[in-house]
Amino acid sequence: MRGKIIRSLAGFYDVYCYEDGLEYRCRARGIFRKDKFRPLVGDEAEFTVTHAKDMEGSLDGIEKRKNFLVRPPVANIDQALVVFALASPDPNLFLLDRFLVRMEKAGIPAIILFNKEDLVTEEEVREYERIYRGSGCRVLTSCVRDGIGVKEVLELMRGRTTVLAGPSGVGKSSLTNILCPEAEMEVGEVSRKTERGKQTTRHAELFAIGSDTFFLDTPGFSSLFLEDLKPEEVRRYFREFREHEGQCRYEDCMHISEPDCEIKRAVEAGEISRERYENYVRMVSELREVKRY
Ligand code: GDP
Ligand code: ZN
């Protein structure tokens, strides 16, 4: 049978079976242990049902991975849906840009969902859309509380595996409860108090919406480190820099303090959003700071 690993527990893997839409708890066969190969949540699996009555099986093989993330440990991600609130809490764009850089590096397309549009004016919504116009990301807005914009999100998720990310309090649980009521996410204040505890004990888990659509909630979003990044590589992950490439005086221009810098010119001319550029500069200086120690 063919399926997808949706959960990994001590020594077991829960596999969603494409053929019957059911979940089977599978043991990894000896070959995995021998090869020191660890199956991941998100892996496409080949498995055999061993006890149909108890929904048990054995994992026979794993298909070649399209991509994978180390944190959280998941494979075959098609895209990331990163949720931020337009207010309450105010969006931390530096956090958002750090996330987008990580996704660019991993080669995973990101969709930005600005939620709680009911709390801001239309002008403010347009302002955020302007900032991210050149980012290469699709930008959506929503009022999840009233179910507005959720259909558009679902359209983009259909047939794909999506990582859901975003800081606490922005409406992820509310969205998850609409998309997939079985996930039973706690909404609001109460859950936030226990969130830390939940994050340490909870493992990455995929939820199925229908037979070909999966999503995964990523806990621990605020601790997004970029320490594995070199300062020189960050500029590659800002899409809006791309069309200006090769036009600076220096070929290896970092676009920070060099003279005759095309990127700085484009920022001054309003062709590249200043907010994004400033976050780029901040990221590079933070990474240089880390390197010094
Ligand atoms: P999470 O921490 O990201 O999972 O956020 P929750 O789903 O728990 O939502 C946090 C709070 O924001 C809750 O009180 C929700 O009722 C509220 N909320 C969610 N979506 C919206 C929205 O579109 N507008 C407004 N005003 N509040 C919302
Ligand atoms: Zn430059």
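Residues numbered from 1 in each chain as written. Chains lettered and ligands numbered in written order. Predicted model: local features only at pLDDT ≥ 70, side-chain atom pairs only at ≥ 80, totals over all residues. Heavy atoms only, no water.

Visitor: Go over the nonpolar core, please, and point to the residues and values.
Guide: Counting residues in hydrophobic clusters, the biggest one holds 44 residues, and the most contacted among them are Leu-59, Leu-96, Leu-100, Ile-112, Phe-114 and Tyr-132. Looking at which element gives the most residues to this core, the answer is helix H2 (residues 93-106), with six residues. Looking at which domains feed residues into this core, each of domain 1 (2-63) and domain 2 (69-217) gives three or more. (Core = buried A, V, L, I, M, F, W, Y, C linked by side-chain atoms within 4.5 Å. Buried < 20%, exposed > 50% of the residue type's maximum accessible area, 1.4 Å probe, protein only. Helix = DSSP H or I, 4+ residues; strand = E, 2+ residues; numbered from the N terminus. Domains from an automatic or database assignment.)

Visitor: Could you give an account of the coordination of the zinc ion (ligand 2), naming the residues involved and the relevant values?
Guide: Protein coordination at the zinc ion (ligand 2): the donors are Cys-248 (SG), Cys-253 (SG), His-255 (ND1) and Cys-261 (SG), at 2.1 to 2.4 Å from the metal. If you look at the zinc ion (ligand 2), its four donor atoms make angles of 101 to 115° with each other, and the shape they trace is tetrahedral. Along the chain, the residues donating to the zinc ion (ligand 2) fall in the pattern C-x4-C-x1-H-x5-C. A relative accessible area of 13% means that Cys-248 is categorised as buried. Take His-255: its relative accessible area is 9%, and that puts it in the buried class. (Donors = N, O, S within 2.8 Å, 3.2 Å for Na, K, Ca; no water. Tetrahedral: all angles 85-135°; square planar, octahedral: opposite > 155°, others 65-115°.)

Visitor: Describe the sheet that holds strand E5 (residues 56-62), listing the residues and the values that go with them.
Guide: Around the barrel, which closes on itself, the five strands sit in the order E1-E2-E3-E5-E4 with mixed pairing between neighbours. The mean angle between the axes of side-by-side strands here comes to 50°, regardless of whether they run parallel or antiparallel. Two elements, strand E2 (residues 12-17) and strand E3 (residues 23-28), share five bridges in a ladder whose sense is antiparallel. Across the sheet, the residue bridging to Tyr-13 is Cys-26, located in E3. (Pairing = 2+ DSSP bridges. Axes fitted to C-alpha atoms, helices over the stretch in contact; angles between N-to-C directions.)

Visitor: I'd love a proper account of the pattern of salt bridges, names of residues and values included.
Guide: For the structure on display, the rule yields 26 salt bridges. Close ionic contact of Arg-276 with Glu-240 constitutes a salt bridge, the shortest N to O distance being 2.9 Å. Of this pair, Arg-276 sits in helix H9 (residues 274-292) while Glu-240 sits in helix H7 (residues 239-242), placing them 36 residues apart in sequence. By the burial criterion, Arg-276 is buried, and Glu-240 matches it. One salt-bridge network, held together by shared partners, links Arg-7, Asp-14, Glu-23, Arg-25 and Glu-205. (Salt bridge = Lys/Arg side-chain N within 4 Å of Asp/Glu carboxyl O.)

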